[in-house]
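If you want the building blocks of each chain, they are given just below.
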Amino acid sequence: ENIFDSAKTAHDRSYARIAQLEQWVFLAAPGHPALVRVCEHIKAHATHKFSDVEDRDTLERTGPAAWTDILLRCQAWTPSGS
């Protein structure tokens, strides 16, 4: 979605990461490992408080922060990501 020069700039603009991926549209096969991991993350953190700022909690729990972190990890596990 965007790439910032620093974490502070990203945070000041209400972004969760310096570089983040949006999750509002995607395509994957049922049971795809990335989707499984996203669902596991949401389940594991459903009541976890990431921040005192509600919007930030959403970004970390189910939004682009979680999505970006998980997709980048999954990419690293694939042969093309090594």
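A quick note: this is a predicted structure, and the numbers were derived from the prediction, not measured.

Turning our attention to the environment of valine 38. On the secondary structure map, valine 38 appears in helix H2 (residues 33–44). The spatial distance from the C-alpha of valine 38 to the C-alpha of phenylalanine 26 is 13 Å, given a sequence separation of 12 residues.

Membership of the largest hydrophobic core is limited to five residues, which are Ala34, Val38, Trp67, Ile70 and Cys74. Those elements giving two or more residues to this core turn out to be H2 and helix H4 (64–77). Here this core takes three residues from H4, the largest share from any one element. Excluding residues that lie within four positions of it along the chain, tryptophan 67 makes contacts with Leu21, Glu22, Gln23, Phe26, Leu35 and Val38.

This brings us to the packing of aromatic side chains. The geometry of two aromatic rings is summed up by the distance between their centres and the angle between their planes. A full pass over the atoms with the stated rule returns one aromatic pair. Centre to centre, the rings of phenylalanine 4 and tyrosine 15 are 4.7 Å apart; their planes meet at 65°, and the pair counts as edge-to-face. Residue phenylalanine 4 is found in the loop between strand E1 (2–3) and helix H1 (7–12), and its partner tyrosine 15 is found in the loop between H1 and strand E2 (19–20); the two are separated by 11 residues along the sequence. Judged by relative accessible area, which is 8%, phenylalanine 4 ranks as buried. Given the relative accessible area of 15%, tyrosine 15 is considered buried.

Reading guide: rules and limits
- Residues numbered from 1 in each chain as written.
- Predicted model: local features only at pLDDT ≥ 70, side-chain atom pairs only at ≥ 80, totals over all residues.
- Heavy atoms only, no water.
- Helix = DSSP H or I, 4+ residues; strand = E, 2+ residues; numbered from the N terminus.
- Core = buried A, V, L, I, M, F, W, Y, C linked by side-chain atoms within 4.5 Å.
- Buried < 20%, exposed > 50% of the residue type's maximum accessible area, 1.4 Å probe, protein only.
- Contact = heavy atoms within 4.5 Å.
- Phe/Tyr/Trp six-rings, centres within 6.5 Å; stacked < 30°, edge-to-face > 60°.

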